[in-house]
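Structural characterization, general
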Amino acid sequence: MENFGKLQEKLQAALPALELRSQEPMHRHTSFKVGGPAALMALPKSQGELSEILKIAAKAGVKPFFLGKGSNLLVADEGVDAFVIKLAGGLMKLELEGETTLRVGAGVTLAQAAVFTADHGLTGLEFVHGIPGTMGGGVFMNAGAYDGELVQVIRWAECLDEEGNLHHLDKDQMELGYRTSIFSKKPWLVTEACLELTKGDPAAIREKMADLAQRRRSKQPLEFPSAGSTFKRPPGHFAGGLIEQCGLKGKTVGGAQVSEKHAGFVINIGNATCRDILDLIRLVRQTVLDQTGVTLEPEVRMLGCTLDETH
Ligand SMILES: Cc1cc2nc3c(=O)[nH]c(=O)nc-3n(C[C@H](O)[C@H](O)[C@H](O)COP(=O)(O)OP(=O)(O)OC[C@H]3O[C@@H](n4cnc5c(N)ncnc54)[C@H](O)[C@@H]3O)c2cc1C
């Protein structure tokens, strides 16, 4: 067990303006609306603060967890003995460099970045408009939708290592693949991304965003808390199609349900616990494996819980 009280004291002494919360309920910070308290949460506003936080945490031997909007995250009901650094709402840089290069801070939402590009007549980022995460979480996941992926527009990212030192990673160094990046292996914090876009017609850009939003509303259960697609797309298949084919649409465990609208989404239909969601994910995986021979890999990230544990 880490000594988070001591870490809190050190952080507060070094950074008196830093917002720190102890025993912060994580259900307030995840789109699933699930998760017990995190031992300590910091909500920094600047890169300077972040660099100092990382230095102090490293000295204390604490490995922080980086949180964006929590829109791809499942957190244990009993909470987590962890130091969480929340980026959403901090690092809000959104600046054009020249005509088509955009610098986006990690805490800016993908929707904010997309609207900004539309306002400036830049095309290439329409696909992120309906993805409810931050730029930092988007880079970590190489977020994508409707044939678009961040890898198509990103040039480089700025990151902080475990000791708070700044690094510049070119696109080729980030190992951006299908819902993955180097950051799942390397515990570095993405602070900023630089995107290269193309000049376009603002009306056409807005129309494309509206069209994609309409397609999402008609196909996805946006009226319920979820983390989006629960599983990655298995090669040659669609997760939702396989789940539906196995008769699992509407399958419910406690407050967790395989959406009737889109079988690729596990949703929280009311007071779902992390345990309900994990049990349903396990049931879906096992049934799909037994009936189709395909193994579904979760897309959703987990904090304080895993699929392997048995209750
Ligand atoms: C309704 C709905 C629809 C969705 N649709 C899509 C979709 O179409 N396409 C898609 O790709 N995703 C989709 N998602 C999933 C989610 O929005 C994306 O994965 C998004 O990129 C996650 O961003 P976040 O800020 O919420 O990250 P979080 O959920 O907070 O974190 C996700 C991972 O990123 C890491 N992380 C976060 N910020 C940083 C940072 N600054 N530096 C390093 N690591 C960081 C975290 O540690 C964690 O491992 C959807 C989710 C919902 C709820």
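Because the structure is a prediction, the values reported are computed rather than measured.

Focus: the overall build of the chain
The secondary structure content of the chain amounts to 7 helices and 19 strands. Counting only residues that meet the buried cut, the chain has 42% of its 311 residues in that class. Sequence-distant contacts, at least 24 apart, represent 65% of the contacts inside the chain between residues at least 6 apart.

Some details on the domain arrangement of the chain
Here the chain is described as being made up of domain 1 (4-86), domain 2 (94-204) and domain 3 (220-303). Here domain 1 and domain 3 have C-alpha centroids that lie 29 Å from each other. Of all the elements in the fold, those that place two or more residues in the side of domain 1 that touches domain 3 are β4 (73-75) and β5 (80-86). Here the residues of the side of domain 1 that touches domain 3 are counted per class, giving 9 nonpolar, 4 polar and 2 charged.

What to know about the pairing of strand β18 (residues 265-268)
Both faces of β18 are covered, namely the face carrying F265 and I267 and the face carrying V266 and N268. Bridge count between strand β15 (residues 226-229) and β18: 2 bridges; the pairing is antiparallel. Across the sheet, residue S226 finds its bridge partner in β18, namely I267. Hairpin remark: strand β17 (residues 256-258) followed by β18, antiparallel, with 6 residues in the connecting loop.

Details of the site of the ligand
In the vicinity of the ligand there are 32 residues, among which G68, G133, G136, G137 and G228 approach most closely. Taken together, the elements giving at least two residues each to the shell around the ligand come down to β3 (65-67), α4 (135-141), β9 (144-145), β13 (189-196) and β15. The dominant element in the shell around the ligand, judged by the number of residues it contributes, is α4, at 5 residues. Of the residues contributing to the shell around the ligand, the split by class is 17 nonpolar, 13 polar and 2 charged.

Points about the sheet that holds β17
Adjacent strands of a sheet form backbone hydrogen bonds with each other and so pair up, either parallel or antiparallel. Taking strand neighbours across the sheet as the criterion, the 4 strands line up as β15-β18-β17-β16 in an open arrangement whose pairing is antiparallel. Edge strands, defined here as strands with exactly one partner in the open sheet, are β15 and β16 (252-253). Each of β16, β17 and β18 touches helix α7 (residues 274-292); the most contacted strand, β17, lies at about 30° to it.

Considering the nonpolar core
Formed by 83 residues in total, the largest nonpolar core has its most connected members in L74, V190 and I277. In contact with I277, other than residues within four places in its own chain, are F32, V34, L74, A256, V266 and A272.

A short note on the sheet that holds strand β2 (residues 37-43)
With mixed pairing, the 4 strands of this open sheet are ordered in space as β1-β2-β5-β3. Edge positions in the sheet fall to β1 (19-25) and β3, since each of these pairs with one other strand and no more. Averaged over all adjacent pairs, the angle separating strand axes in this sheet is 30°, with direction ignored. One ladder, built from 6 bridges, connects β1 with β2; its direction is antiparallel. When the sheet's bridge partners are listed, R21 is paired in β2 with M41.

Let's talk about the environment of F127
Relative to the elements of secondary structure, F127 occurs in the loop between β8 (122-123) and α4. Distance from F127 to S229, taken between C-alpha atoms, is 16 Å for residues 102 residues apart in sequence. Leaving out residues up to four positions away in the same chain, F127 has contacts with G144, A145, Y146, G148 and L212.

Quick notes on helix α2 (residues 47-59)
An α-helix turns once every 3.6 residues. As a result, residues three or four positions apart point the same way. Counted at 1.5 Å a residue, the expected span for α2 with its 13 residues is 18 Å, and the 18 Å between its end C-alpha atoms agrees. Those residues of α2 that fall on the buried side of the exposure criterion are Q47, E49, L50, I53, L54 and A57. Summarising the axial view, the buried residues of α2 lie within an arc of 150°, below the 170-degree limit, and thus occupy one face. For α2, exposure combined with an orientation more than 90 degrees from the buried face picks out G48 and K59. Those residues of α2 hidden inside the fold are in contact with α1 (4-14), β2, β5, β11 (154-160) and β13. Just beyond α2, the residue with positive phi is G61, at close to 75°.

A closer look at unusual backbone geometry
One non-glycine residue with positive phi stands out, namely Y146, at about 45°. One can find Y146 in the loop between β9 and β10 (148-149). Located in the positive-phi region is R179, a residue other than glycine, with phi close to 50°. Considering the arrangement of structural elements, one finds R179 in the loop between β12 (166-170) and β13.

Observations concerning the packing of α1 against α2
The geometry of α1 relative to α2 is characterised by a closest axis approach of 10 Å and an angle of 145° between their N-to-C directions. Here the hand of the crossing between α1 and α2 comes out right-handed. Contacts between α1 and α2 involve L7, K10, L11 and A14 from the former and E52, I53, I56 and A57 from the latter. Looking at the contact of α1 with α2, its residues break down into 6 nonpolar, no polar and 2 charged.

Thresholds, definitions, all that
Residues numbered from 1 in each chain as written. Predicted model: local features only at pLDDT ≥ 70, side-chain atom pairs only at ≥ 80, totals over all residues. Helix = DSSP H or I, 4+ residues; strand = E, 2+ residues; numbered from the N terminus. Buried ≥ 20, exposed ≤ 12 C-beta atoms within 10 Å, placed from the backbone. Contact = placed C-beta atoms within 7 Å. Domains from an automatic or database assignment. Nonpolar A, V, L, I, M, F, W, Y, C, P; charged D, E, K, R; others polar. Pairing = 2+ DSSP bridges. Near = placed C-beta within 6 Å. Axes fitted to C-alpha atoms, helices over the stretch in contact; angles between N-to-C directions. Core = buried A, V, L, I, M, F, W, Y, C linked by C-beta atoms within 7 Å. Expected span 1.5 Å × (residues − 1). Arc of directions from axis to C-beta. Left-handed = near helix turned anticlockwise from the far one by under 90°.

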